[in-house]
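Secondary and tertiary structure notes
What follows is the residue order along each chain.
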Amino acid sequence: MIARIWSGESPLWMLLLPLSWLYGLVSGLIRLSYRLGLKKAWRAPVPVVVVGNLTAGGNGKTPVVIWLVEQLTRQGIRVGVVSRGYGGKAASYPLVLNAQTTTAEAGDEPVLIFQRTGVPVAVSPVRSEAVQALLEHAPVQLVITDDGLQHYALARDKEIVVVDGVRRFGNGWWLPAGPMRERASRLDSVDAIIVNGGAAQAGEIPMRLQPGLAVNLLSGERRNVAELPGLVAMAGIGHPPRFFATLEQCGATLVKKIPLADHQAVSQQQVAAMTTSGQTLIMTEKDAVKCRPFARDNWWYLPVDAELEGERPEKLLLELIALARQANEVATAH
């Protein structure tokens, strides 16, 4: 229903317009207060790069964060990541992740980023505190914040927006009548626009999510997902249909599709009940970090990697590398 409302297919979005106007007014006033200097943003001693969305729901932001971390790390840049830690509830904040940190504490996306990249990751509702904890923990040269485009209390040096190339901006209205956190005109002020799937427009960076081999949660065995029998697909991400479509594009035959809410917590009993004898459960990597502590031998996940196309990704990386190295030279000189 929400998808139909936000796409404009259902006329119910018109009933929600008063709430959207209120949302737009409040969010606009918050941003204006920082632009006019009425509120002060905290600036980190190292460059901060925000990877965010204009819309609610999954756009492929976390794979972009992982791609940036991996590319910059290969160039010798010491990168750290901060996040709101949505879906987690730590005993205290800020929380710097370690190998024992659970998704219940930090949220699924920060744990996924930490496990995939091995770089320092910190979470806090107050992102400036997460950045400070990160800098106390490791000699980070550049911080990437996973989401937080609208978190203006943290000053940023670069802004990257990830757009779903198929859904784009729906009916274009603010929440809750539409999917927008900010209007599309906000794109005019960001440094890069990465478009996940669909057709990229002029000036945008095309991106595809490239699936790998399915990985068994218990053994680590890797197999072509099309070879797994009786596939039941589970997806607790912002847009589950994208995951189901990816599986089918890989040649998988799905006997059941189970969409869950983004960041939804799951129990061993709940997940185990999704399959019957002879069936195989396939899930996203983000779901896998939640299920690994109680995994069964017929549970698999499908990792995906962001692939950015054209010359603009290299230009963006060079800008970020120069930013980090310049800041490091200034800090060393002092």
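These numbers were taken from a predicted model, which means no experiment stands behind them.

Moving on, we get to the pairing of strand E5 (residues 142-146). Burial analysis of E5 places five of its five residues in the buried class, the great majority of the element. For strand E1 (residues 48-52) and E5, the ladder comprises four bridges, and the chain directions are parallel. Following the sheet pairing, valine 51 is matched in E5 by aspartate 146. Bridging between strand E2 (residues 79-83) and E5 involves five bridges; their strand directions are parallel. For valine 82, the partnering residue across the bridge sits in E5 and is threonine 145.

As a further point, take the UniProt feature "binding site: ATP" (unreviewed entry) in the protein chain. UniProt tags Thr55, Ala56, Gly57, Gly58, Asn59, Gly60, Lys61 and Thr62 as "binding site: ATP" (unreviewed entry). Among the secondary structure elements, lysine 61 is positioned in helix H3 (residues 61-74). Overall, lysine 61 belongs to the buried group, its relative accessible area being 6%. Setting aside its immediate chain neighbours within four residues, lysine 61 contacts Val51, Gly52, Asn53, Glu109, Asp146, Asp147 and Val162.

Turning our attention to the sheet that holds strand E14 (residues 299-302). The six strands lie next to each other as E10-E9-E14-E13-E11-E12, forming an open sheet whose pairing is mixed. For this open sheet the edge positions go to strand E10 (222-223) and strand E12 (254-259), each flanked by a neighbour on one side alone.

Rules used throughout
- In this numbering scheme, every chain counts its residues from 1 along its sequence in written order.
- Whole-chain, interface and lining totals are the exception, using all residues; otherwise, since this is a predicted model, local features are given only for residues with pLDDT of at least 70 and side-chain atom pairs are given and counted only at 80 or more.
- Derived side-chain values reflect all non-hydrogen atoms in the structure, with water molecules and hydrogen atoms excluded from consideration.
- Buried, partly exposed and exposed residues are distinguished by accessible area as a fraction of the type maximum, computed with a 1.4 Å probe on protein chains only: under 20%, between the cut-offs, and over 50%, respectively.
- To qualify as a helix, a DSSP run of H or I must reach at least 4 residues; to qualify as a strand, a run of E must reach at least 2; elements of each kind are numbered from the N terminus.
- Here, strands pair whenever DSSP counts at least two bridges between them.
- UniProt positions are given in the numbering used here, feature names are shortened, and annotations may be inferred rather than shown by experiment.
- Contacts between residues were defined by any pair of non-hydrogen atoms, one from each residue, lying within 4.5 Å.

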